[in-house]
Amino acid sequence: MAMYRLEPFCGGEIQVDLPTCMYRLPSVHQAPCDSDGQATDPAIKMLESRQEDILKRLYELKAAVDGLSKMIQTPDADLDVTEVIQTDMQSAPQCNLADLDTILGKDYGALRDIVINANPSLPPLSLLILHSLICERYNVLSAVHTHSSVVKVPENLLKCFGDQLNKKSRQEYQLGFTLIWKDVTKPQMKFSIQNMCPIEGEGNIARFLFSLLGQKFSALTATLIDSWVDVAIFQFREGSSKEKAAVLKAMNTTLDKSPWLVGNELTVADIVCWCTVHQFGNSAAIPPNVQKWVKSCENLPSFKAVLKFVE
């Protein structure tokens, strides 16, 4: 039994059209098309045009990068620059003495002394070879000392510069070269003790010492030399056996076209690479062209002097 009874608010004959959804929107998935079935919406056409422009620019950038990559000489590059290097070597001026005042700065009243700290457990052979080459160009006052951080140094390392008999006064020498056997992680060099931070790393020091020999190279040749020095230090010396094999393969290919790694003259690239091959390489895995190059290096007096440190 109902407590209240009410009459219907609307008559039964009135039909009410109830909505089936809250909002009605036109479909965005069916754009109007022309007779060929192509979209005629201006916004879609603009997007398609922008996409085509972007793809075209990407294609042009890829072509430019591919072209630049062939201009960079690495052990894995396929660019043959042998003829370019040989032409550069033929047109290069004769090697002259470097201007020590320009490189080392003027220091009136005192001998300009290059001081190198090195660990006797891993003697920097390239620096010893470069010392020998520098002595052929300049009057060098050489000295070897032992730091207190080192307990014992082999006798041959203490006499790595030979018996130094200083028959001249200090002022008569053009350059000082002091090697200090010290417990350091990597070789360090200074030529201005008070005014400069040390140059670290055997490769960097070798580049500097080689510049004292006065040889001038084009930008391309200098870049190739630097590349080989870095490959020797970082990829061959510190790399895996697979990386070492790749370096030896690249050296073998290069030495098939020229007597030295960069052109027809000995450079710091040959010096550093020879030292790393001797210290960290496996003689059984050395390819034929590299073996021939190794013997060519060892025929030079400056290399013969350091052979006793690797035997």
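Residues numbered from 1 in each chain as written. Predicted model: local features only at pLDDT ≥ 70, side-chain atom pairs only at ≥ 80, totals over all residues. Heavy atoms only, no water.

If you check an unreviewed UniProt entry, the chain appears there as Aminoacyl tRNA synthase complex-interacting multifunctional protein 2 from Hymenochirus boettgeri.

**Focus on the overall build of the chain**
Helix and strand counts for the chain stand at 11 helices and 5 strands. The 311 residues of the chain split such that 35% are buried. For the chain, the proportion of contacts with a sequence separation of at least 24, taken over those separated by at least 6, is 73%. Approximately 20,400 Å² of the chain is accessible, and the part contributed by carbon and sulfur atoms is 54%. (Helix = DSSP H or I, 4+ residues; strand = E, 2+ residues; numbered from the N terminus. Buried < 20%, exposed > 50% of the residue type's maximum accessible area, 1.4 Å probe, protein only. Contact = heavy atoms within 4.5 Å. Areas by Shrake-Rupley, 256 points an atom, 1.4 Å probe, with all protein chains shown as cover.)

**Some words on the nonpolar core**
Counting 62 residues, the largest nonpolar core has I116, L209, W228, M251, W274 and W293 as its most contacted members. Taken together, the elements giving at least two residues each to this core come down to strand 1 (113-118), helix 4 (125-137), strand 3 (175-181), helix 6 (202-211), helix 7 (219-237), helix 8 (241-255), helix 9 (268-280) and helix 10 (288-298). Sequence-distant contacts of W274, defined by excluding residues within four places in its chain, comprise I129, W293, V294, C297, E298, F303, V306 and L307. (Core = buried A, V, L, I, M, F, W, Y, C linked by side-chain atoms within 4.5 Å.)

**Observations concerning the pairing of strand 1**
The buried fraction of strand 1 is high, at 6 of 6 residues. Side chains D113, V115 and N117 of strand 1 all project onto a buried face; the interleaved residues I114, I116 and A118 project onto the opposite face, where all are buried too. Relative to strand 3, strand 1 runs parallel, the two being bridged by 6 bridges. When the bridges of strand 3 are listed, I116 appears paired with L179. (Pairing = 2+ DSSP bridges.)

**Details of the packing of aromatic side chains**
This model, assessed by the stated rule, comprises 3 aromatic pairs. Aromatic pair F161 and F177: ring centres 5.6 Å apart, planes at 85°, arrangement edge-to-face. Of the two residues, F161 is situated in the loop between helix 5 (155-158) and strand 3 and F177 in strand 3; the sequence distance between them amounts to 16 residues. Here F161 and F177 have matching classes, each one buried. Look at W274 and F303: their rings are 5.0 Å apart centre to centre, the planes differ by 90°, and that puts the pair in the edge-to-face class. (Phe/Tyr/Trp six-rings, centres within 6.5 Å; stacked < 30°, edge-to-face > 60°.)

**So, helix 8**
Relative to the 21 Å expected for 15 residues at 1.5 Å per residue, helix 8 spans 21 Å between its end C-alpha atoms, a close match to the ideal helical length. Listed in full, the buried residues belonging to helix 8 are V247, L248, A250, M251, N252, T254 and L255. Of the surrounding secondary structure, the elements contacted by the buried residues of helix 8 are helix 7, helix 9 and helix 10. (Expected span 1.5 Å × (residues − 1).)

**Details of the pairing of strand 3**
Of all 7 residues making up strand 3, 7 are buried, and the element is well covered by its neighbours. The side-chain alternation of strand 3 yields two buried faces, one formed by L175, F177, L179 and W181 and the other by G176, T178 and I180.

**Describing helix 9**
For helix 9, with 13 residues, the first-to-last C-alpha span of 18 Å sits near the 18 Å given by 1.5 Å per residue. Within helix 9, 10 of the 13 residues are buried, which leaves the element mostly enclosed by the surrounding structure. Turning to helix 9, its buried residues are V268, A269, D270, I271, V272, C273, W274, C275, T276 and V277. On its buried face, helix 9 is in contact with helix 4, helix 6, helix 7, helix 8, helix 10 and helix 11 (301-304).

**Observations regarding the pattern of salt bridges**
This structure, assessed with the given rule, holds 4 salt bridges. As a salt-bridge pair, D226 and R207 come within 2.8 Å of each other at their nearest N and O atoms. Here D226, found in helix 7, pairs with R207, found in helix 6; they are 19 residues apart in sequence, far enough to count as distant. Given a relative accessible area of 32%, D226 falls into the partly exposed group. Here R207 falls in the partly exposed class, since its relative accessible area comes to 21%. (Salt bridge = Lys/Arg side-chain N within 4 Å of Asp/Glu carboxyl O.)

**Concerning the environment of E172**
Among the secondary structure elements, E172 is positioned in the loop between helix 5 and strand 3. With 33 residues separating them in the primary sequence, E172 and N139 have C-alpha atoms 7.9 Å apart.

**Concerning the state of the cysteines**
In the structure shown here, the tally under the stated rule is 0 disulfides. As a non-bridged cysteine, C275 has C297 as the owner of its nearest cysteine sulfur, 8.9 Å distant. Judged by relative accessible area, C297 falls into the buried class, the value being 0%. (Disulfide = S-S within 2.5 Å.)

**Side note on the packing of helix 4 against helix 9**
How two helices sit against one another is set out by the angle between their axes and by the gap between those axes. For the pair helix 4 and helix 9, the least separation of the axes is 8 Å and the interaxial angle reads 140°. When the axis of helix 4 is compared with that of helix 9, the two are oblique. Crossing of helix 4 over helix 9 shows right-handed handedness. Facing helix 4, whose interface residues are L125, S126, I129, L130 and L133, helix 9 presents I271, V272, W274, C275 and Q279. A per-class count over the contact of helix 4 with helix 9 returns 8 nonpolar, 2 polar and no charged. (Axes fitted to C-alpha atoms, helices over the stretch in contact; angles between N-to-C directions. Parallel < 35°, antiparallel > 145°, perpendicular 65-115°, else oblique. Left-handed = near helix turned anticlockwise from the far one by under 90°. Nonpolar A, V, L, I, M, F, W, Y, C, P; charged D, E, K, R; others polar.)

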